[in-house]
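# Structural features, examined
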Protein chains: 2
Amino acid sequence: VNGKKSKQILIAVDTSEYSNKAFKYACNLARDSESELQILHVIENFVDVGYSISKELENTGRRTLHKYDARARSVGLLSVNTILAKGNPAEEILKVADKKNINIIVVGSRGHYASLSDYLLGSTSYKLAHYSKCTVVIVK
Amino acid sequence: VNGKKSKQILIAVDTSEYSNKAFKYACNLARDSESELQILHVIENFVDVGYSISKELENTGRRTLHKYDARARSVGLLSVNTILAKGNPAEEILKVADKKNINIIVVGSRGHYASLSDYLLGSTSYKLAHYSKCTVVIVK
């Protein structure tokens with residue numbers, strides 16, 4: 001009965017609409033298992049983009065986290081935390097999972113190979129499935 | 001609130017103890033979302049093993065399904081179905097998911113590269129993460 005009681009759930013969100021469904025899944029899971037929700041946004045550093053674009057990506061990341069934080073609280077979650085990271089998404093997700101003793105990682109999945117960025121996110125869930133030490137939910 | 005309401009949950013079990021944790025997760029999920037639980041066992045056909053070994057694998061598969069079916073009912077699930085398949089695990093899981101209109105696939109994950117069979121199961125969750133059209137939970 002207590003198999004799904006978990007203490008820490010990590011949801012990784014990007015700025016696309018694809019994160020919405022995964023986020024909803026994570027909120028339900030956090031509520032049902034009375035877990036703390038960690039909301040992570042990773043700024044991908046593909047190439048060296050320069051200061052102003054870098055600042056813009058940071059602002060967008062913060063706005064995204066703020067939006068999801070508000071949404072988590074609006075559905076009644078009391079224990080919510082946001083994290084902004086920079087780097088390779090899969091690597092950053094795994095780092096946070098280790099550091100915060102995450103029990104379940106929730107990520108969304110986009111259509112395959114529709115574009116470069118779709119491919120890269122696909123590749124994130126692929127890596128998590130393989131390298132994560134905790135349970136991973138890939139929401140489609 | 002009804003984001004995680006799903007109608008059909010598929011749990012793939014093998015004969016190892018690694019399936020136990022994933023099975024527990026699937027049962028909790030099925031109970032909380034009032035879903036039907038489909039329990040699948042895939043007999044892997046690595047090589048042509050001959051009639052008597054093939055029969056033995058089939059018997060073991062049936063016993064495994066029977067054990068998990070009894071366990072699902074013992075925790076109060078009313079709507080439980082078992083399926084025995086033969087072939088490549090990932091392919092068979094995806095086929096059943098399509099055929100039965102599965103909403104969430106639950107699979108266990110073993111340690112990586114500890115043995116050939118560990119490697120193969122790892123590779124199953126890897127493929128599911130990538131090719132499944134529905135949400136996949138990889139229980140560790």
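Residues numbered from 1 in each chain as written. Chains lettered and ligands numbered in written order. Predicted model: local features only at pLDDT ≥ 70, side-chain atom pairs only at ≥ 80, totals over all residues. Heavy atoms only, no water.

### Quick word on the pairing of strand S1 (residues 8-12) of chain B
All names here are of chain B. Within S1, five of the five residues are buried, which leaves the element mostly enclosed by the surrounding structure. Side chains Gln-8, Leu-10 and Ala-12 project from S1 onto one buried face, and the interleaved Ile-9 and Ile-11 project onto a second face that is buried too. Taken together, S1, helix H1 (residues 19-32) and strand S2 (residues 36-44) form a β-α-β motif whose crossover is right-handed. Two strands pair when backbone bridges link them, and S1 and strand S4 (residues 104-108) are joined in this way by three bridges, in the parallel orientation. Residue pairing in the sheet places Ile-11 in a bridge with Val-106 of S4. (Buried < 20%, exposed > 50% of the residue type's maximum accessible area, 1.4 Å probe, protein only. Helix = DSSP H or I, 4+ residues; strand = E, 2+ residues; numbered from the N terminus. Right-handed = clockwise from strand over helix to strand, strands pointing away. Pairing = 2+ DSSP bridges.)

### Things to note about the sheet that holds S1(B)
Judged by pairing direction, the sheet is mixed, and its 10 strands sit side by side in the order S3(A)-S2(A)-S1(A)-S4(A)-S5(A)-S5(B)-S4(B)-S1(B)-S2(B)-S3(B) without closing on themselves. Looking along the sheet, the strands with just one partner apiece sit at the ends: strand S3 (80-86) of chain A together with strand S3 (80-87) of chain B. Across the sheet, the axes of successive neighbouring strands diverge by a mean angle of 20°, strand direction being ignored. As paired strands, strand S1 (residues 8-12) of chain A and strand S2 (residues 36-43) of chain A are joined by five bridges and run parallel to one another. The partner of A:Gln8 across the bridge, within S2(A), is A:Glu36. On the sheet, helix H2 (residues 51-74) of chain A packs against S2 and S3 of chain A and is oriented at approximately 160° with respect to S3(A). (Axes fitted to C-alpha atoms, helices over the stretch in contact; angles between N-to-C directions. Contact = heavy atoms within 4.5 Å.)

### Focus: a nonpolar patch on the surface
Among the surface-exposed residues, A:Val49, A:Ile53 and A:Leu57 lie close enough to one another that they form a single nonpolar patch of about 220 Å² accessible area. In this fold, A:Val49 is placed in the loop between S2 and H2. (Patch = residues over 30% accessible without salt bridge, like charges linked within 9 Å, V, L, I, M, F, W, Y side chains within 5 Å. Areas by Shrake-Rupley, 256 points an atom, 1.4 Å probe, with all protein chains shown as cover. Salt bridge = Lys/Arg side-chain N within 4 Å of Asp/Glu carboxyl O.)

### Description of the nonpolar core
Of all hydrophobic cores here, the largest spans 42 residues; its most connected members are A:Leu37, A:Val106, B:Leu37 and B:Val106. Setting aside residues no more than four positions away along its own chain, B:Leu37 makes contact with B:Ile9, B:Ile11, B:Phe23, B:Ala26, B:Cys27, B:Ala30, B:Ala72, B:Leu77, B:Ser79, B:Val80 and B:Asn81. Core analysis: the next-biggest nonpolar cluster, separate from the first, contains 34 residues, A:Ala129, A:Val136, B:Val107 and B:Cys134 among them. (Core = buried A, V, L, I, M, F, W, Y, C linked by side-chain atoms within 4.5 Å.)

### Considering the packing of aromatic side chains
All names here are of chain B. Applying the stated criterion across every chain yields a total of two aromatic pairs over all chains. Aromatic side chains Phe-23 and Tyr-68 sit 4.6 Å apart centroid to centroid with 55° between the ring planes, which places their arrangement in the tilted category. Linking Phe-23 in helix H1 with Tyr-68 in helix H2 (residues 51-74), this pair joins segments that are 45 residues apart in sequence. Taking relative accessible area as the criterion, Phe-23 reaches 2% and is therefore assigned buried. The class for Tyr-68 is buried, based on a relative accessible area of 0%. (Phe/Tyr/Trp six-rings, centres within 6.5 Å; stacked < 30°, edge-to-face > 60°.)

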